[in-house]
Structure formats: structure tokens, C-alpha cells
Amino acid sequence: SSLARRVAVLVGCAAVGLHVLQDGTMPAYVRAQVRWYSGAPPAGDLYSILGATPKTSDVELKKSYRKLALRWHPDKATPSQRDVHARAFEGISRAYAILTNSLERRIYDNLGDDGVQRWRDGDQTVHPDHMEGVFEKD
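Only a predicted model underlies this, so the values are computations on that prediction, with no experimental measurement involved.

K.L.:
Quick question: what am I supposed to make of the nonpolar core here?
P.N.:
A general feature of soluble globular proteins is that nonpolar side chains tend to end up buried together. Judged by nonpolar contacts, the single largest core of 21 residues is most densely connected at Leu46, Leu50, Tyr65, Ile92, Leu99 and Tyr108. Of all the secondary structure elements, the ones that give two or more residues to this core are helix H3 (46-49), helix H4 (58-72), helix H5 (82-99) and helix H6 (102-120). Residue contributions to this core peak at six residues, all from H5. Look past the residues within four positions of tyrosine 108 in its chain and what remains in contact with it is Asp45, Leu46, Tyr47, Ile98, Leu99, Asp113 and Val116.

K.L.:
For this particular structure, what's the right way to read H6?
P.N.:
Residues separated by three or four positions in an α-helix point in the same direction, a consequence of the helix having 3.6 residues per turn. Its 19 residues give H6 an end-to-end C-alpha distance of only 14 Å, which falls more than 12% under 27 Å, the value for a rise of 1.5 Å per residue. At leucine 111, H6 shows its maximal bend, which comes to roughly 130 degrees. Every buried residue of H6 is accounted for by Glu104, Arg105, Ile107, Tyr108, Gly112, Gly115, Val116 and Trp119. Where H6 is buried, its residues meet H3, H4 and H5. For H6, the side-chain oxygen to backbone nitrogen distance between the N-cap and leucine 103 is 3.0 Å, and the N-cap itself is asparagine 101. With its phi angle positive at about 100 degrees, glycine 122 sits one or two positions after the end of H6.

Here is what the cut-offs are and how they apply
Residues numbered from 1 in each chain as written. Predicted model: local features only at pLDDT ≥ 70, side-chain atom pairs only at ≥ 80, totals over all residues. Heavy atoms only, no water. Core = buried A, V, L, I, M, F, W, Y, C linked by side-chain atoms within 4.5 Å. Buried < 20%, exposed > 50% of the residue type's maximum accessible area, 1.4 Å probe, protein only. Helix = DSSP H or I, 4+ residues; strand = E, 2+ residues; numbered from the N terminus. Contact = heavy atoms within 4.5 Å. Expected span 1.5 Å × (residues − 1). Bend = angle between axes of the 7 residues up to and from the residue. Polar contact = N/O pair within 3.5 Å; in protein donor to acceptor, adjacent residues only side chain to side chain.

See below:
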């Protein structure tokens, strides 16, 4: 049943040290990690992939990245789980690369993944200097 599956996921999360709130819900970054455990590739907000927020410092991002990179490195996976770990590791590395680059982080915060990809593809209209004041109220 759906309830039995949810309880199994919550118990599994607690067993591997993932944060479960007292009311039985999970923060967004835990839900992202649960998707990885179930075999789905990492997806979603780059901050939630690293268990961070937009106010998280570079030092905290690095700590989170190192912990997740060690956990999800493909060389530490069993042969049957290597593909899942490789996709997760790729997502973790990508999130860390973007969020620790101050320019790309500003673009991501304003325009999301699409904006970062356009910037990387050479679209000069996506430069953060062009975004100053765009989202501010008069």
C-alpha cells in the first residue's frame, strides 16, 4: 500500500542518516536524495540537490558537496548501482560547479538552469550585469 511504502522510505531514510522531520515529512533535499536511492536521476533545484539554500555559504556548500560526492561516487557503488550513482554524482558535481561560481550562481538565482545554459552557450544577453534592477520594484 501507499502508506506502507511511505513508512518504509521514512525508516530507510532514518537508517542512512537522512533528515526526517517529527511530523514524518522530509525537507526538499531529502526528497531529492530519496529519488536517487530509488534509482531516479537527480533532478530539481540545484540548492535542494546539495541540501542548501540561496543563503548557504561557499564553505557549507563545499561540506555538503564532499559528503554527497563521497556517498554517490560511482566507484563506491555496487556494479548493479553504478549507473544510478554516476547520474547522481553528475548532478551533484554540476550543482556544486554552478553554485560555487559567483557569476553562474547569480545567473541561476535570477534565471534558473536555462539562464546558466544560455550563458554557457555564449548568449551575452544573460549576463548578470544586464539583470541588475530587473526584478526590483519601483
